[in-house]
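Structural overview for review
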Amino acid sequence: QQQVKQSPQSLIVQKGGISIINCAYENTAFDYFPWYQQFPGKGPALLIAIRPDVSEKKEGRFTISFNKSAKQFSLHIMDSQPGDSATYFCAASRRSNDYKLSFGAGTTVTVRA
Amino acid sequence: GAGVSQSPSNKVTEKGKDVELRCDPISGHTALYWYRQSLGQGLEFLIYFQGNSAPDKSGLPSDRFSAERTGGSVSTLTIQRTQQEDSAVYLCASSGNSGNTIYFGEGSWLTVV
């Protein structure tokens, strides 16, 4: 069973716009929530990660929002650029065994110039 | 090397044949992971090695799958009697210790015909 549900499956945004990807999880033991970015033919690369003791984390144009009570977290890409076009995966794991990441199905983001 | 190295990058094999996929982790990384990425799907955890500890094989989908890690470095994922449903990208990753950033290789694309 998929422990992390991700939506939308794909999205198209104009250059300069905001991309929003949402994820939901069921396992309340999860306490580490990373986002990975993957370009075609490449392996996923860690983009940004959050732990549940904060509700938001921002790194440059990328922001994670976390809602512990709703068991949801989201990625916002501000001022989207064509170079942001990629597939984004949310993931979750327990601090005690961070290695066993459960991934969402991925969102393909296309930024149109 | 500078990153996680995997070989072959592409492999086409006939149903029923055995295949071996190789992973060379980042030098000095003690943790090594194998994930599988099927078309349009998220990443599925397969197996995890940490130092000299017994590997966590809980993600292996069947007894046709096995993996070993020699000398605490290079790992080989073996799939026996391949089936068409084994077609996927097999991703290897490594990290310095459980809980640190996980770095992925570019994957081995396996096609079973």
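Residues numbered from 1 in each chain as written. Chains lettered and ligands numbered in written order. Predicted model: local features only at pLDDT ≥ 70, side-chain atom pairs only at ≥ 80, totals over all residues. Heavy atoms only, no water.

1. Brief notes about the overall build of chain B
If you tally the helices and strands in chain B, you get zero helices and ten strands. Helices and strands in chain B line up, N terminus first, as β-β-β-β-β-β-β-β-β-β. In terms of overall size, chain B behaves like a compact globule, its C-alpha atoms giving a radius of gyration of 13 Å where 113 residues would be expected to give roughly 13 Å. When its C-alpha atoms are laid out on the principal axes, chain B stretches across 35 × 25 × 25 Å. Of all 113 residues assigned to chain B, the portion counted as buried reaches 48%. Counting only contacts in chain B whose residues sit at least 6 apart along the sequence, the fraction spanning at least 24 positions is 54%. A total accessible area of about 5400 Å² is found for chain B, and carbon and sulfur atoms account for 44% of it. Taken as two groups, the 9 positive and 11 negative side-chain charges of chain B have centres that lie 3 Å from each other. (Helix = DSSP H or I, 4+ residues; strand = E, 2+ residues; numbered from the N terminus. Rg over C-alpha atoms; globule rule 2.2 N^0.38 Å. Buried < 20%, exposed > 50% of the residue type's maximum accessible area, 1.4 Å probe, protein only. Contact = heavy atoms within 4.5 Å. Areas by Shrake-Rupley, 256 points an atom, 1.4 Å probe, with all protein chains shown as cover. Lys, Arg positive; Asp, Glu negative; His and termini not counted. Charge placed at Lys NZ, Arg CZ, Asp CG, Glu CD.)

2. A word on the pairing of strand β9 (residues 86-92) of chain A
All names here are of chain A. When you tally the buried positions in β9, you get seven out of seven residues, the bulk of the element. As defined by bridge partners, β9 adjoins strand β11 (residues 107-112) across three bridges and the pair is classed as antiparallel. Looking at the pairing, alanine 86 lines up with valine 109 of β11. Across two bridges, β9 lies against strand β10 (residues 102-103) in antiparallel orientation. By the bridge assignment for β10, alanine 92 is matched with serine 102. (Pairing = 2+ DSSP bridges.)

3. Things to note about the side chain of serine 95 of chain B
The topology assignment puts serine 95 of chain B in strand β8 (residues 88-95). Within the structure, serine 95 of chain B has its side chain in polar contact with the side chain of tyrosine 33 of chain B (distance 2.4 Å). (Polar contact = N/O pair within 3.5 Å; in protein donor to acceptor, adjacent residues only side chain to side chain.)

4. Overview of the environment of asparagine 22 of chain A
Tracing the backbone shows asparagine 22 of chain A in strand β3 (residues 19-25). Taking relative accessible area as the criterion, asparagine 22 of chain A reaches 36% and is therefore assigned partly exposed.

5. A few points about the nonpolar core
Judged by nonpolar contacts, the single largest core of 24 residues is most densely connected at Val4, Phe33, Trp35, Phe73, Leu75 and Tyr88 of chain A. Per-element accounting of this core gives the leading share, four residues, to β9 of chain A. With residues near it in sequence (within four places) discarded, tyrosine 88 of chain A still touches Gln6, Ile21, Tyr36, Gln37, Leu47, Phe62, Leu75, Ile77, Gly106, Thr107 and Val109 of chain A. Counting 20 residues, the second-largest nonpolar core is a separate cluster that includes Leu21, Cys23, Leu46 and Ala88 of chain B. (Core = buried A, V, L, I, M, F, W, Y, C linked by side-chain atoms within 4.5 Å.)

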